[in-house]
Amino acid sequence: MDETLAGRKRTTAALFLVAACVVAYANGLRGDFTYDDKAIVRDNARIRSPASLSQVFTTPYFGGARGQGTGYRPLLLLSFAVQRWIHGASAFGFHAVNVALHCLVTLLFARFLLRLEVPDAVVFGSALLFAVHPVHVEAVTSLVGRGETLAAVFVVVFLLVALRLRAESRGRPALLAVAFALFAAAILTKESAAVAPTLAFLAFWRLESGTPRERLAGALRKGLPLYLGAAAILAGTFVLRRLVLGGLLKAPSFVIFELENPLAPLPAGERVLNAAALLFRYAGRIVAPIRLSADESAWSIPLERGIGLAGAAALLLLLFLLVAAVAAVAGERGRRDVAFGVLFFGIAFLPTANLLFPTGTIFAERLAYLPSGGLLLAIASALLDGGAVRPVSRWRVVILSAAVLAFAARTVTRNVVWKDDAALFEATVESSPRSAKAHYNFAWLSAQSGRLPEALEHYTQATRIYPKYFDAWAGRGTVLQRMENLAEAEKSFERSLEAAPGYENGFFRLGVVRERRGDLAGA
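Here is what the cut-offs are and how they apply
Along each chain, the written sequence defines residue order, and numbers are assigned to residues from 1. With pLDDT at 70 or above as the cut-off, local features in this predicted model cover only qualifying residues; side-chain atom pairs require 80 or more to be listed or tallied, and sums for whole chains, interfaces and linings still use all residues. Hydrogens are left out, water is left out, and the side-chain values use all remaining heavy atoms of the structure. Note on patches: the residues involved have over 30% relative accessible area and no salt bridge, like charges join within 9 Å, and the nonpolar side chains Val, Leu, Ile, Met, Phe, Trp and Tyr join within 5 Å. All accessible areas in this document rest on Shrake-Rupley with a 1.4 Å probe, and a residue is counted as covered only by the protein chains that are shown. Salt bridges are defined by distance alone: a side-chain nitrogen of Lys or Arg within 4 Å of a carboxyl oxygen of Asp or Glu. In this description a helix means any DSSP run of H or I spanning at least four residues, a strand means any run of E spanning at least two, and both kinds are numbered starting from the N terminus. Multiply 1.5 Å by the residue count of a helix minus one, and that product is the helix's expected span. Note on classification: 1.4 Å probe, protein chains only; a residue is buried when its accessible area is under 20% of the maximum for its type, exposed when over 50%, partly exposed between these limits. To define a nonpolar core, start from buried Ala, Val, Leu, Ile, Met, Phe, Trp, Tyr and Cys residues and group those joined through side-chain atoms within 4.5 Å. Stacked, edge-to-face and tilted are the three classes for Phe, Tyr and Trp ring pairs, Trp counted by its six-membered ring, which pair at centre distances within 6.5 Å; planes under 30 degrees apart are stacked, over 60 edge-to-face, the rest tilted. Only C-alpha atoms enter the line fits that serve as axes; for helices the fit covers just the stretch in contact. Angles between N-to-C directions range over 0 to 180 degrees. Orientation categories follow fixed angle ranges, with anything under 35 degrees roughly parallel, anything over 145 roughly antiparallel, 65 to 115 roughly perpendicular, and all other angles oblique. When the near helix sits turned anticlockwise from the far one by under a right angle, the crossing is termed left-handed; a clockwise turn instead gives a right-handed crossing. Contacts between residues were defined by any pair of non-hydrogen atoms, one from each residue, lying within 4.5 Å. Polar here means any residue other than Ala, Val, Leu, Ile, Met, Phe, Trp, Tyr, Cys and Pro, which are nonpolar, and Asp, Glu, Lys and Arg, which are charged; Gly is therefore polar.

Caption draft 1: Region of the structure containing a nonpolar patch on the surface. Taken together, L248, L249, L350, L356 and F357 make up a surface patch of nonpolar side chains, about 430 Å² in accessible area. Structurally, the position occupied by L356 is in the loop between α14 (336–349) and α15 (371–383).

Encoded structure:
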């Protein structure tokens, strides 16, 4: 009878979590295609017909010939393709599936915590915070954010299968095969899913008993076939990436644009110091998601160079991060859920945090989608005081409820930003006024709408923030040309070529302006 009652309570809780997801994200369902949604979903010739299916598996994520780019995500593209074949280029259908995937991840995350023997109250609190958190808007309401949600589905199911594999002695070959298939699917959806086996080790370690050494040995021994098989799968995906991209991580000719990730050209030590500080920035947006932005490229986030006062502060942050990780391991038996959540947060961020190697972006809220689950577990456990020893006090429930309502309200208002490019680019300029890319995007949209003085202002601001922004110089020149200021337009195109001597569009536009000015030889 008790088991039946517990089952009913969990069913009710699951329905409530789904309802929370839907309510929080419902106003985003009518959004249009924004930004990268157009290149990846709306205008992507590779996904329009089953006849082009082979191209999904033989070209980089953003398209183009083999040996280019950094992304290889065929299963993500396949998910968009199947929908495109079913309902055409209707943005509503893609949005609906994104919300459904978020509902599924929320339920799977709750089940994962239950399998880790987290108290029911903490599980529900953690999952409810996850369901409505506004830092997830970029992963859920932005269509290409599906890379995070779909990969999270595969990763969490992989973790559930891994836990079942640990607990059962029968059917292990079949469970291993399922786990390997899930891991492969996760990596072929989003590269950051490569961290899944490490998260499985963390889960195994939590469930072991005995001394620290015994727990470590037990987690290694019981998961060894899983870890070895996953390593083989990872090696296989590297082979695929080499065939398609020309390199294990990226094409040999591909250079990470400093505009997108100013950490990329830094020496390793400086990159790590700044990356450590960025983890605290991520944590801040999860704890208090007041300021949210869709773009943090150069130079929205200030960087610390060398060991001055600011560099020393960054070094202290890195040391604090290391101490926090050690403290979480050492104190895991005392505040189990808080410690596990902090470790989950840190480990899940490793592939995208720029700590181990530079990635294609310095900072993006969508990257916090799966890692945030760990920090939200820690927050829920701290608020509910563990939730297992004694009934949770009313005031703790009130605080958690207030946090859920505040997060949900912020999510609803944040969804509106992703309505269309106009709303997105305007909001990004407001939230990240020091981002050159934010000003460039808004300038491009203004020029498309015929608002030339406004476009000129923002293209100019983009070049002030990032003087090597050759696209912004070219955009500025184009606007000046349309305004019949040919002399200044010529100077802007010349600046675009100074920043990028091989910039084809810069040569073309400069030639057009010189021709119009009567300089045929120069043209």
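Caption draft 2: Looking closely at α14. Across its 14 residues, α14 extends 20 Å between first and last C-alpha, which sits within 8% of the 20 Å expected from 1.5 Å per residue. Burial analysis of α14 places 10 of its 14 residues in the buried class, which makes it a mostly covered element. Looking only at α14, the buried set comprises D337, A339, F340, G341, L343, F344, F345, I347, A348 and F349.

Caption draft 3: Representation of the nonpolar core in the model. In this structure, F112, F158, L199 and L226 are the most contacted members of the largest nonpolar core, which totals 106 residues. Listed in part, the 26 residues of the second largest apolar core include L452, L456, Y466 and F493.

Caption draft 4: Focus on the packing of aromatic side chains. Applying the stated criterion across every chain, the model contains 23 aromatic pairs. Seen from their ring centres, Y35 and F425 are 5.6 Å apart, and the 90° between their planes marks the pair as edge-to-face. Taken together, the residues Y35 in the loop between α1 (2–25) and α2 (36–42) and F425 in helix α17 (residues 421–431) connect sequence positions 390 residues apart. The exposure class assigned to F425 is buried, which follows from its relative accessible area of 4%.

Caption draft 5: Spotlight on the pattern of salt bridges. Under the criterion given, the structure shown has 23 salt bridges. With its nearest N and O atoms 3.1 Å apart, the salt bridge here joins E191 to R241. Remark: R241 occurs in helix α11 (residues 212–245) and E191 occurs in the loop between α9 (172–187) and α10 (196–207); sequence separation between them is 50 residues. With a closest N to O distance of 3.0 Å, K468 and E258 form a salt bridge. One end of the pair, K468, is in the loop between α19 (452–465) and α20 (470–482); the other, E258, is in the loop between α11 and α12 (268–287), with 210 residues separating them in the sequence.

Caption draft 6: Quick peek at the packing of α12 against α15. Running from N to C, α12 and α15 cross one another at 55°; their axes reach a closest spacing of 10 Å. When the axes of α12 and α15 are compared, the pair comes out oblique. When you trace α12 past α15, the crossing you get is right-handed. Of the residues in α15, those touching α12 at A283, I286 and V287 are S372, L375, L376 and I379. Tallied by class, residues from the contact of α12 with α15 come to six nonpolar, one polar and no charged.

Caption draft 7: Expanded view of unusual backbone geometry. In this model, A298 is joined to W299 through a cis peptide bond whose omega is -5°. Mapped onto the fold, W299 is located in the loop between α12 and α13 (309–330). One non-glycine residue, Y35, lies in positive phi territory at about 50°. With phi around 65°, E484 is a residue other than glycine that occupies positive phi space.

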